[in-house]
Amino acid sequence: MAAHTPRTTDGPDGPGRVPGLRERKKQQTRDALVQAAHVLFLSQGFARTTVDEIASAVDVSQRTFFRYFANKDEVALAVMAEAEDYFIECLRHRPAEETPLQALRASIVKAWLDLGSQVPSGPGSIHSALELMRIIEETPPLLAAHLRRVADQERLVVGVLAEREGLDPAEDLRPAVLAAVFGSLLRSAHLAWSAEHLPAGPEGMVTVIERYFDHLGPALAGHWRDPA
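What counts, and where the lines are drawn
Residue positions are counted from 1 within each chain, in the order its sequence is given. Totals for whole chains, interfaces and linings use every residue, but because this is a predicted model, local features are given only for residues with pLDDT of at least 70 and side-chain atom pairs only at 80 or more, for both listing and counting. Calculation of side-chain values draws on the structure's entire complement of heavy atoms; hydrogens and water are dropped beforehand. Labels follow the DSSP assignment, with helices taken as runs of H or I lasting at least four residues and strands as runs of E lasting at least two, numbered in each case from the N terminus. Classification of residues uses two cut-offs on accessible area relative to the type maximum, computed with a 1.4 Å probe and protein chains only: under 20% is buried, over 50% is exposed, and between them is partly exposed. In this description, contact between two residues means that some pair of their heavy atoms is separated by no more than 4.5 Å. In these tables, accessible area is a Shrake-Rupley quantity obtained with a 1.4 Å probe, and a residue counts as shielded only by the protein chains included in the view. In this analysis a 1.4 Å probe is tested at points of a 1 Å grid over the protein atoms alone, and where it fits but cannot get out there is a cavity; an open set with protein on both sides within 12 Å along at least five of seven lines is a pocket; lining residues have an atom within 4 Å of a point. Grid points are joined across faces, edges and corners, and a volume is the space filled by probe spheres set on the points. Here, nonpolar core means buried Ala, Val, Leu, Ile, Met, Phe, Trp, Tyr and Cys residues that are tied together by side-chain atoms lying within 4.5 Å of each other. By definition here, a helix of n residues has an expected span of 1.5 Å times n minus one. Gly falls in the polar group here, along with every residue not listed as nonpolar (Ala, Val, Leu, Ile, Met, Phe, Trp, Tyr, Cys, Pro) or charged (Asp, Glu, Lys, Arg). Salt bridge, as used here: a side-chain nitrogen of Lys or Arg that lies within 4 Å of a carboxyl oxygen of Asp or Glu.

Within the protein one finds ten helices and zero strands. Listed by position from the N terminus, the elements making up the protein come as α-α-α-α-α-α-α-α-α-α. Considering the protein as a whole, with its 228 residues, one finds that 41% of them fall into the buried category. In the protein, once contacts between residues fewer than 6 apart in sequence are set aside, the share between residues at least 24 apart is 62%. Accessible surface computed for the protein: about 12,200 Å², of which carbon and sulfur atoms make up 55%.

Inspection of the entire model under this criterion finds two cavities of 30 Å³ or more. In this structure, the largest cavity spans a volume of roughly 260 Å³. In terms of lining, the largest cavity is formed by 19 residues, of which the most central are Glu-84, Ile-108, Gln-153, Leu-186 and His-190. Broken down by secondary-structure element, the contributors of at least two residues to the lining of the largest cavity are helix H5 (78-92), helix H6 (100-118), helix H8 (140-165) and helix H9 (174-196).

Next up on the list: the nonpolar core. Within the largest apolar cluster, 58 residues are counted, with the highest numbers of intra-cluster contacts made by Phe-41, Ile-54, Phe-87, Ile-108 and Trp-112. Not counting chain neighbours up to four residues away, the residues in contact with Ile-108 comprise Phe-87, Phe-182, Leu-186, Ile-209 and Phe-213.

With that out of the way, let us pick up helix H10 (residues 201-220). Its 20 residues give H10 an end-to-end C-alpha distance of 29 Å, which sits within 8% of 28 Å, the value for a rise of 1.5 Å per residue. Buried-residue contacts for H10 involve H6, helix H7 (126-138) and H9. Following H10 by one or two positions, Gly-222 adopts a phi angle in the positive range, close to 85°.

Along the chain, the position of Thr-29 falls in helix H1 (residues 21-44). It is 8.9 Å that separates the C-alpha atoms of Thr-29 and Val-60, two residues lying 31 residues apart in sequence. Excluding anything up to four places from it in sequence, Thr-29 contacts Thr-64 and Tyr-68.

This part takes up the layout of surface pockets. Once rolled over the atoms, a probe with the size of a water molecule shows which space is left empty. Looking at the second largest pocket, its volume works out to about 190 Å³. Around the second largest pocket sit 13 residues that line it, and Glu-74, Leu-77, Ala-81, Ala-145 and Arg-149 are the ones nearest its centre. Of all the secondary-structure elements, those providing two or more residues to the lining of the second largest pocket are helix H4 (72-76), H5 and H8. Across the lining of the second largest pocket, the residue classes break down as six nonpolar, two polar and five charged.

Per the counting criterion, the structure on display carries 13 salt bridges. Between Arg-105 and Glu-210 there is a salt bridge, with its nearest N and O atoms 2.6 Å apart. Note that Arg-105 is positioned in helix H6 and Glu-210 in helix H10, a separation of 105 residues in sequence. Glu-210 gets classed as partly exposed once you look at its relative accessible area, which sits at 24%. Via salt bridges that share partners, Glu-84, Asp-85 and Arg-149 belong to a single interconnected network.

Here's what the structure looks like:
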């Protein structure tokens, strides 16, 4: 995420330890690379931006860039990847009395709102990462990398749901079915937010996600047509 010092190893349950100086400096370099990449991607496009330009903007070498990121795809998706990881942690910590669907809804809302409130809205933040979503949809290599990440997250969701419910996902298909529905709902919400220029930032995204969740029950159960 965008640099905000001192960074702690915060989780859904609250603050953790404060990292040491070396760890903070490495994080600051990583943050700076993400910030520079976001500026360049949003101003001149993903395809026209080179790794050299990103590294030069931070005054580091190409070699340093590749210590942090394997390629341009990875730096473009870095903030969204961290947001997805934080969502998984939120899901792991939801109260046991919540139903799986309630836990998923509460976790995704908490993740977006927490990340939106904890970091600045400039380059390298969750706000600019959301702006990059439009570029992701228009750039086949980025979209492929993003969808691979979504598939990985879906498998993690299956594992977390199965663990919290005490199920064997190989025998009980409910975690896999719900994870697939949840993933499709999120993708539909993200596409709607991106295409319709709905309210900006994490709060706007949460509004759209909540609207889709509100329609999930009626879409899955009962008749759609009014009785004759």
